[in-house]
Amino acid sequence: MKSAGAASAGVGLGLGPALAAASPAAAAPPRRHGATMIGVPFERRSTVRVGIVGLGNRGSAMTELFLAVPGVRVVALCDTVWAKAEKVAAKVRSAGQPAPALYTKGEGDFRQLCGRGDVDFVYVATPWEWHFPMAEAALTAGKHVGVECPAAMELDQLWRLVDLSERTRRHCMQLENCCYGRNEMRVLRMAHAGKFGELLHGAGAYIHDLRELMFSPTYYEGPWRRLWHTRLRGDVYPTHGFAPVANYMDVNRGDRAVRITTFGSPTAGLAAYRAQHMPPGDASWKETYVGSDMSVSLVQTARGRVIRLEHAVSNPHPYSRVNALSGTKGAFEDYPARIYLEPEMSGDEWGDFGAYAQWDHWLWKEHANPPGGHGGMDYIMIFRLIQCMQQGLVPDFDVYDAATWSAPVPLSHASIKAKGAPQEIPDFTRGLWRAGRPGVDSAKP
């Protein structure tokens, strides 16, 4: 899709309402316009017909995984760059499926895809500012929709997705692949079995040196991702770290994230990289970066637990999502994976997490070597989504999870602006979080 500069003009991006909505006074739930989507199953269908919007690096790779799952037809593709659409269409034809319809006539052509009568599910893999209007269009057209991270960038947009999902009776999901990582799913099952005792603290992060990619003229379609560092000071990409820990703690399923406080480091990494690598006159020299090189957030839950979130993409650092959990019986920490449980271990020495493979989720036992990137978690996520749609099951996560996991985007920015003052996280479930219910730790159908 087009660069963030053009895209933001197309969707009327404005951060003023988001910051206003981030205040504690704005956290009261608005009036519900439809019944809850909690526990609502998909309609059973033998074939799932998919439309894909955004055919860059992520959309192209994920199309291959949709094609790899039995019972999926990719019927329509959309991107503003015709060559990208045709390249992905060739993959669909090579998989033995009919040629998909292409929508490449400008930034609004995704609405035509969403309006098709033969699309059951819309997958959105575009620059972040497009996630909300595209999810909105899909829901309004009566389609289930899955959105890449984050679901939306503003608090009022998250509420609007909740409202639309409830009114249209269609699911809106944050397709958070890290929820389906092998380590994450193993820790989830162990946590739910009480192996860590009473849960107290967790941590998640997105620490990934993206400097070269963000300044690359070819990796992203325009500078959209880098430009977010000129707009927001907080955690612009929280869900990879937040969602798995929220699952461990049954957030929205017996506990709730109630407030967040965030502090940000100085902002220096992108400017330093630009000075070293970008020639005079490059468009990036007009940019002023405000995004903290490292943001650290603390989220407190209704049960008093604490979740630490970190975001850092502008400095040299090995990749890490931190992925940690601790309780009264022990702890787990990832990167590298290690575990400490009583009474099995003692003497302050970490144990071998590999020795707990019996706790692997049934999805990983059935798909020990899944195809695709990110260690196979992408395929596991798509397989499970399609399985739920084909068998008429309740999805593993819903619009309330999407809104909760994405809420740190505007709220962390607001907290930093307020010198670390806590910001209330809305109860997107409107009180229904108190009841336990299944999630990613799903029973085998």
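Our subject is the structure that appears above.
Attention here is on the structure that accompanies the text. (Residues numbered from 1 in each chain as written. Predicted model: local features only at pLDDT ≥ 70, side-chain atom pairs only at ≥ 80, totals over all residues. Heavy atoms only, no water.)

Secondary structure summary: the protein contains 16 helices and 14 strands in total. For the C-alpha atoms alone, the extent of the protein along its principal axes is close to 60 × 55 × 45 Å. When contacts within the protein are restricted to residue pairs at least 6 apart in sequence, those whose partners lie at least 24 apart make up 77%. As presented, the protein carries roughly 16,600 Å² of accessible surface, and 53% of it is formed by carbon and sulfur atoms. Each charge sign in the protein was given a centre, from 48 positive and 44 negative side chains, and these centres are 5 Å apart. (Helix = DSSP H or I, 4+ residues; strand = E, 2+ residues; numbered from the N terminus. Contact = heavy atoms within 4.5 Å. Areas by Shrake-Rupley, 256 points an atom, 1.4 Å probe, with all protein chains shown as cover. Lys, Arg positive; Asp, Glu negative; His and termini not counted. Charge placed at Lys NZ, Arg CZ, Asp CG, Glu CD.)

The next point concerns the pattern of salt bridges. For side chains of opposite charge, pairing can occur when their charged atoms come near one another. Counted according to the given criterion, the structure contains 29 salt bridges. Residues Glu136 and Arg160 are paired through a salt bridge, measuring 3.3 Å at the closest nitrogen-oxygen approach. You can see Glu136 sitting in helix α6 (residues 131-140) and its partner Arg160 sitting in helix α7 (residues 155-168), a full 24 residues away along the chain. Using a relative accessible area of 24% as the deciding quantity, one classes Glu136 as partly exposed. What emerges from the salt-bridge pattern is a single network uniting Glu43, Arg45, Arg49, Asp120 and Arg170. (Salt bridge = Lys/Arg side-chain N within 4 Å of Asp/Glu carboxyl O. Buried < 20%, exposed > 50% of the residue type's maximum accessible area, 1.4 Å probe, protein only.)

Here the structure, examined in full by the defined rule, presents 16 aromatic pairs. Plain terms: the ring middles of Phe66 and Tyr123 are 5.4 Å apart, the flat faces sit at 55 degrees to each other, and that makes the pair tilted. One end of the pair, Phe66, is in helix α3 (residues 57-68); the other, Tyr123, is in strand β4 (residues 121-124), with 57 residues separating them in the sequence. Each of the two residues, Phe66 as well as Tyr123, counts as buried. Taken together, a centroid distance of 6.1 Å and an interplanar angle of 65 degrees make the contact between Tyr319 and Tyr335 edge-to-face. A residue pair is termed long-range when its members are at least 10 positions apart, and Tyr319 in the loop between β10 (306-312) and β11 (324-327) and Tyr335 in the loop between β12 (330-333) and β13 (338-341) qualify at 16 residues. In textbook terms, an aromatic cluster arises when at least three aromatic residues are bridged by ring pairs, as seen for Trp128, Tyr206, Tyr219, Tyr220, Trp224, Trp228, Tyr237, Tyr319 and Tyr335. Here Arg274 stacks its cationic end above the ring of Trp285, 4.7 Å away from the centre of that ring. The ring of Trp350 is capped by Arg338, whose NZ or CZ atom sits 5.3 Å from the centre of that ring. (Phe/Tyr/Trp six-rings, centres within 6.5 Å; stacked < 30°, edge-to-face > 60°. Lys NZ or Arg CZ within 6 Å of the ring centre and 35° of its normal.)

On to the nonpolar core, then. Of all hydrophobic cores here, the largest spans 108 residues; its most connected members are Phe66, Phe121, Tyr180 and Phe196. Sort the elements by how many residues they give to this core and helix α14 (residues 377-391) lands first, with 10 residues. Aside from chain neighbours lying at most four places away, what touches Tyr180 is Met185, Leu363, Trp364, Met377, Ile380, Met381, Arg384, Asp396, Phe397 and Val440. Counting residues in hydrophobic clusters, the runner-up holds 19 residues, among them Trp128, Phe215, Tyr220 and Val236. (Core = buried A, V, L, I, M, F, W, Y, C linked by side-chain atoms within 4.5 Å.)

Right, let's get into α3. A rise of 1.5 Å per residue sets the reference length of α3, with its 12 residues, at 16 Å; its end C-alpha atoms lie 17 Å apart and thus fit the reference within 8%. Buried within α3 are the following residues: Gly59, Ser60, Met62, Thr63, Leu65, Phe66 and Leu67. Looking at the buried residues of α3, the elements they touch are β1 (48-53), β2 (72-78), α4 (82-94), β4 and α14. (Expected span 1.5 Å × (residues − 1).)

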